[in-house]
Amino acid sequence: MKHSCSTKIPEIEGLRAIAVLAVVLYHAGLSSLSGGYTGVDVFFVISGYVITRKLLSELEETGSLDVFSFYAGRVKRLFPALLFMVVVVCSLAFVFLSPMEQQLQQNSAIASLAWVHNLYLSFVDRGYFDPGHEYNLFLHTWSLGVEEQFYFFWPFFLLFATGVFLNKSQCKSNVRLFYILLLTTTLGFFFSLFLTLVKPVWGFFLPISRVWQFALGALIVLAGRVPSQKAPQRNFMLFIQFLGTIFLCISFFALREGLSYPGFFALLPSVGCALVLFSLNADIDTPLNLILRSRGGVVVGGLSYSWYLWHWPVLLLGWLLVDDSPGVTVVLVALSFLMAWLSFRYIELPVRISNLRGESPGRVLLLSMSIFAFVIVLGGVWKERTIDLMASSDQEPVNWESINLPVIYEMGCDQWFHSSEVEYCVFGPDDAEKTAVLLGDSIAAQWFPAIYQLFSINGWRLIIATKSSCPMIDLPFFYDRINRVFTECEEWKEKIINTLGRYEPTVIFTGSSSGYPYTKEQWEESGVSLIRSLAGIAEKHVMVITPTPKLGFSGPQCLSRNRWAPGFASRKCSIQLNDSLPPLSQALDFYQKKVEKVTVLNFNELICPDRVCSAKRGEKVVFRDSSHLTASFAESIAPQVKRLIIDAGMVDLF
């Protein structure tokens, strides 16, 4: 059925419902919906379509745009619900999360309210899929920032693109705007490809990398206005809608984390949504149209903004305070939908139909900015209070453990992903009779305090060569932290193999995390080649350290919360390991059998006695985060590490 520019299209609410369901279920951990995060791309295209349609309708009716009224309308529509969510979530965080955890939320909360969270995440260089974001209650608001920044400049873009609107016929003006939008979409897409390649975090978060998606939605508005000799055939429009649906299904069910995104892959959800939107211009009924404009689709679509606001903080707080089991997650999804309905019914809707409708745009914007300024002041008070709490005698000792790292990080021995250059750190005399090498990623680096105690004395020289997140395997991997293949890691390992021999190492200690996306077969086939290269460099031994079990939560944060939150919100800061081994651990025996000089060292009983991993044992905090040991704990077990090395038959080392 045809829709004029001034009427609402119920099918669009259904599209919003599909998009928000994809995002919510993806965040809830539904494995089959591995690409559910692309629902945000669908929102971008829909916003470009709806906002352009609205603004063009105003241009046709009045010949101009009331930009301040447009801004005021957007603020009234979006700010109250966002403010309500942020205030409630921050209040819950203050009560139930430790001061350390609260501090992690504060900048994001303020950036969210200012609609610049995407910019904040861009310039702190933190990717969307970065594991460090698992505690960010406001991570999802990055997309709201992108949309608001689009709303800010889009009226001016349309005014520019239709600068001759009043001097030419309606038809010619629409054609001109169509070609400008086509150029914007095309150039914007290729720039997004470029930015995703050279600076992936910026490619994901910055509006300049996403503008082509909004322009694509706007292009669909104009596509139905370009003069045509005859109306599109029904079968052609059915094909267009079917193709768009297929693209959306591929996006939601076939894409996954570990792809360079947005980049080329963002075409699937964006073009898919655009094709479905284009098909709505035809006067036809299809099964998809019936689903989209069904009562359920319209209701969920109408709540999509509020549900998007609430789903992530409800899920995350629930997982932090209760559990992340499937049953709990189902309850949390339902609770987030209930919060969305309450927010819509008692916050969004009343503001929309309140007396504010008759207020001038300037007063609406001034009131909103005044409320925002007041909340910022409260946020400053909260930040000061958190700083005082973290410095208290009860919290400070535990908080310090989160930065209880080996000294090699301060010395610049580990350059992470910023460089492929090899920085050897040397401890001990250059003319030492024997040389030990510690080589690997951050899991290997965590053992420095213990290895240093044993191999920097009695005629030993110790060489450190570590690179965080760089596994000891001859196989590249896509690193979520930087949203691309970790090429610096591959170059670094090649340089290590070519240069390490000059130190004539007696023994090489190496290790990797178990968290890399490799199978047991890949660790065996591609890992053994690197281990064999190391065996050719070492004079006597290559000691492969078993990966450390993962605690699954931040040890210091758990201990800190138990000292702060009400008793019912405390949690047991330990886990019981199951019998399953990660792929790397399964592959280690293969190394030992296939390569001479290789010995596997399993220190895990020292970390998790009786297969129980605890954040703290005795007076020592064991884990500095969810998977790395504190430097002080590693140092304290140096004598036991020595005993295990001797028991492995390496008596000649001591």
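Check the entry above for the structure.
Here is a short report on the structure shown in this document. Residue numbers here run from 1 along each chain, matching the order of that chain's written sequence. Only residues with pLDDT of at least 70 are given local features in this predicted model, and only at 80 or more are side-chain atom pairs given and counted; all residues enter the totals for whole chains, interfaces and linings. Only hydrogens and water are set aside; all other atoms, that is, all heavy atoms of the structure, feed into the side-chain values.

A word on the sheet that holds strand β2 (residues 434–440)
The pairing of strands in a sheet comes from backbone hydrogen bonds and takes either a parallel or an antiparallel form. Pairs of strands are assigned from DSSP output, requiring at least two bridges between the strands. The helix count covers DSSP runs of H or I at least four residues long, the strand count covers runs of E at least two residues long, and both are numbered beginning at the N terminus. Taken together, 6 strands build an open sheet; the order of strands is β1-β3-β2-β6-β7-β9 and the sheet is mixed. Each edge of the sheet is formed by a strand with only one pairing partner; in this case those strands are β1 (425–427) and β9 (598–601). Recorded for the sheet is a direction-independent mean angle of 20° between the axes of neighbouring strands. Examined bridge by bridge, β2 and strand β3 (residues 460–466) share 7 bridges and lie parallel to one another. What sits directly across from leucine 439, in β3, is alanine 465. The contact definition used throughout considers only heavy atoms, calling two residues in contact when any of these lie within 4.5 Å. The axes used here are C-alpha line fits, helices contributing only the stretch in contact, and every angle between their N-to-C directions lies in the interval 0 to 180 degrees. Sitting on the sheet, helix α23 (residues 583–594) is in contact with β7 (541–545) and β9, with an inclination near 155° to β9.

Describing the side chain of threonine 546
Counting through the fold element by element, threonine 546 comes out in the loop between β7 and α22 (555–564). By relative accessible area, threonine 546 is classed as buried at 8%. Excluding its chain neighbours within four sequence positions, the residues that come into contact with threonine 546 are Ser585, Leu588, Val600, Leu601, Asn602 and Asn604. Relative accessibility thresholds used throughout: buried, under 20% of the residue-type maximum; exposed, over 50%; partly exposed, between the two (1.4 Å probe, protein chains only).

A word on the pairing of strand β6 (residues 507–511)
In terms of burial, β6 is largely enclosed, as 5 of its 5 residues are buried. Judged from the 5 bridges that link them, β2 and β6 form a sheet pairing that is parallel. Bridging from a neighbouring strand, alanine 436 pairs with valine 507 of β6. Sheet topology note: the β6/β7 ladder contains 5 bridges and is parallel.

Brief notes about the packing of aromatic side chains
For Phe, Tyr and Trp, rings pair up if their centres lie within 6.5 Å, where Trp contributes its six-membered ring, and each pair is then called stacked (planes under 30 degrees apart), edge-to-face (over 60) or tilted (otherwise). All told, the structure shown has 46 aromatic pairs when counted by the stated rule. Each ring is checked for a lysine NZ or an arginine CZ that lies within 6 Å of its centre and within 35 degrees of its normal; such an atom marks a charge sitting over the ring. Above the ring of phenylalanine 204, the side-chain terminus of arginine 210 is found at 4.8 Å from the ring centroid. For arginine 345, the ring lying beneath its charged end belongs to tyrosine 346, and the centroid distance is 5.0 Å.

Some details on the state of the cysteines
Working definition: a disulfide is two cysteine sulfur atoms within 2.5 Å of each other. Under the counting rule described, the total for this entry stands at 4 disulfides. Note that cysteine 413 is cross-linked by a disulfide to cysteine 425, the S-S spacing being 1.8 Å. Across the S-S bond linking cysteine 413 and cysteine 425, the dihedral sits near -105°, which makes this disulfide left-handed. Note that cysteine 413 is positioned in the loop between α17 (396–400) and β1 and cysteine 425 in strand β1, a separation of 12 residues in sequence. With respect to class, cysteine 413 is no different from cysteine 425; both count as buried.

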